[in-house]
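# Remarks on the overall topology
These are the residues of each chain, in order.
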Amino acid sequence: MATLLIPTPLRKFTNNEARFQSAGGSVKSVINDLITTFDGLKPHLLDGDGNIRSFVKVYLEDEDIQSLDNEQTEVNQDSIISIIPAIAGGAI
Amino acid sequence: MERVQLVESTGEVMRAHAIGTFPNECCGFFFGEIQDGNRNVIEVRPVSNTKDGDQRRRFSISPMDYLQAEKYALEKGLVLLGVYHSHPLHPAIPSVHDLKQAVPFFSYIILSVYDDEVTTIRSWQLDEQSQFQEEEIHEHQPIKH
């Protein structure tokens, strides 16, 4: 089972669970599995077209899936996937 | 809204970072626990401002630094409570840009810094309508408001 790490700001939608296990074979199937289990997460992860929101990064281990095969990136039972919100701002 | 308590020297670590990076914006994470309506900040970890371009008005934290912060919290049994950053020569009030990028749950501590002095520290959190509300903030040493 692949393990997905839930970022702290989204744990209010996962009953405070930090980790989610899924048998999905790709990043996309793991995220779909997550959203099916915790439907409150959907608007925070996906845009209106069902794509991962621009303010959200998904990493497989230490690599951005955008540098791999995006959502089709294959995962296995030892994979660790992380959802990473963009953290930025500024004075004006 | 909970009350943010800056325990021991955590406020000083943020101040020193804000002054050390002036006139650029600093940024970092803070960790602790939530207890009896208080967010107790017990550890601060400064990170690099990775914003391309004018860091006097903008900050950005790299995905890897964010990931490390989440992993650190899990390892230490702490809660990643939020993000701090400085507003050089500007008030400690969230900007439109801050609001656009904010995420739920996190406390956003902003330090207003003028040269070698942090004049104000304030903390903000998104409400259910995704608007910033100010949180009460306390530390052992007096804070100027």
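You'll find the structure just up there.
Residues numbered from 1 in each chain as written. Chains lettered and ligands numbered in written order. Predicted model: local features only at pLDDT ≥ 70, side-chain atom pairs only at ≥ 80, totals over all residues. Heavy atoms only, no water.

Looking only at helices and strands, chain A has two helices and six strands in total. Of the regular secondary structure in chain A, the N- to C-terminal order runs β-β-α-α-β-β-β-β. Here chain A has a C-alpha radius of gyration of 13 Å; the compact-globule value for 92 residues is 12 Å, and the two agree. With respect to the principal axes defined by its C-alpha atoms, chain A has extents near 45 × 30 × 25 Å. For chain A, with 92 residues in total, the buried portion stands at 50%. Put simply, 47% of the contacts in chain A that link residues at least 6 apart link residues at least 24 apart. Accessible area of chain A: about 4,600 Å², with a carbon and sulfur share of 45%. Looking at charge distribution, chain A has the averaged site of its 7 positive side-chain charges lying 10 Å from that of its 13 negative ones. (Helix = DSSP H or I, 4+ residues; strand = E, 2+ residues; numbered from the N terminus. Rg over C-alpha atoms; globule rule 2.2 N^0.38 Å. Buried < 20%, exposed > 50% of the residue type's maximum accessible area, 1.4 Å probe, protein only. Contact = heavy atoms within 4.5 Å. Areas by Shrake-Rupley, 256 points an atom, 1.4 Å probe, with all protein chains shown as cover. Lys, Arg positive; Asp, Glu negative; His and termini not counted. Charge placed at Lys NZ, Arg CZ, Asp CG, Glu CD.)

Right, let's get into the pairing of strand β3 (residues 38–47) of chain B. Side-chain direction in a regular strand flips from residue to residue, so the side chains alternate between the two faces of the sheet. Residues and elements named next belong to chain B. Note: strand β1 (residues 3–6) against β3, four bridges, orientation parallel. Residue pairing for β3: valine 4 is matched across the bridge by arginine 39. Summarising the sheet, strand β2 (residues 27–35) and β3 pair through nine bridges and their orientation is antiparallel. Bridged to glycine 32 within β3 is valine 41. Connecting β2 to the antiparallel partner β3 that follows it, the hairpin turn spans two residues, and aspartate 36 within it adopts a positive phi of roughly 50°. (Pairing = 2+ DSSP bridges.)

Bringing the sheet that holds strand β8 (residues 132–135) of chain B into the picture now. By definition, the strands of a sheet pair up through backbone hydrogen bonds, in either a parallel or an antiparallel sense. Residues and elements named next belong to chain B. Pairing in this open sheet of eight strands is mixed, and the strands run β8-β7-β6-β5-β2-β3-β1-β9 from one edge to the other. The outermost strands of the open sheet, each flanked by one partner alone, are β8 and β9 (137–139). Mean inter-strand twist for the sheet, computed between neighbouring axes without regard to direction, equals 35°. In terms of strand pairing, strand β6 (residues 107–114) meets strand β7 (residues 117–126) through eight bridges, oriented antiparallel. Pairing of valine 113 across the sheet is with valine 118, part of β7. In this fold helix α1 (residues 10–21) packs onto β1, β2, β3, β5 (79–88), β6, β7 and β9, with an angle of close to 35° to the strand it touches most, β3. Lying on the sheet, helix α2 (residues 63–76) is in contact with β2, β3 and β5; it crosses β2 at an angle near 25°. (Axes fitted to C-alpha atoms, helices over the stretch in contact; angles between N-to-C directions.)

Once that is clear, we can look at the interface of chain A and chain B. Reports of interface size often rely on the accessible area that becomes lost once the parts have come together. Each partner contributes residues to the interface: chain A has 24 residues there, and chain B has 29 residues. Taking both partners together, chain A and chain B bury about 2,400 Å²; carbon and sulfur atoms supply 65% of that area. Taken together, chain A and chain B are joined by two salt bridges. Where chain A meets chain B, there are nine residue pairs in polar contact (both at pLDDT 80 or more). (Buried area = accessible area lost by both parts, 1.4 Å probe. Salt bridge = Lys/Arg side-chain N within 4 Å of Asp/Glu carboxyl O. Polar contact = N/O pair within 3.5 Å; in protein donor to acceptor, adjacent residues only side chain to side chain.)

Among the structural elements, Glu70(B) can be located in helix α2. Separated by 63 residues in the primary sequence, Glu70(B) and Val7(B) place their C-alpha atoms 20 Å from one another. When residues no more than four places from it in sequence are discounted, the contact partners of Glu70(B) are Pro7(A), Thr8(A), Pro9(A), Arg11(A) and Leu80(B). Polar contacts involving the side chain of Glu70(B) include one to the side chain of Arg11(A), which spans 3.1 Å.

Right, let's get into a negative patch on the surface. All names here are of chain A. Together, Glu61, Asp62, Glu63 and Asp78 make up a negatively charged patch on the protein surface. Mapping glutamate 63 onto the fold places it in strand β4 (residues 63–64). A residue is classified by how much of its surface remains accessible, and glutamate 63, at 42% relative accessible area, is partly exposed. (Patch = residues over 30% accessible without salt bridge, like charges linked within 9 Å, V, L, I, M, F, W, Y side chains within 5 Å.)

Our next topic: the nonpolar core. Ranked by internal contacts, the top residues of the largest apolar core, which has 26 residues, are Phe29(B), Phe31(B), Ile61(B), Leu80(B), Val83(B) and Phe106(B). Listed by contribution, the elements that provide at least two residues to this core are β2, β4 (59–61), α2, β5, β6 and β7 of chain B. Looking at this core, the element that brings in the most residues is α2(B), giving five residues. Within the second largest apolar cluster, 22 residues are counted, among which are Ile6(A), Leu45(A), Val56(A) and Ile81(A). (Core = buried A, V, L, I, M, F, W, Y, C linked by side-chain atoms within 4.5 Å.)

The next point concerns helix α1 (residues 27–37) of chain A. All names here are of chain A. Turning to α1, its buried residues are Val27, Val30, Ile31, Leu34 and Ile35. In a view along the axis of α1, the buried residues occupy a sector of 135°, so they form one face of it. Of the surrounding elements, those touching the buried residues of α1 are β1 (2–5), β2 (19–22), α2 (42–45), β3 (56–60) and β5 (80–85). (Arc of directions from axis to C-beta.)

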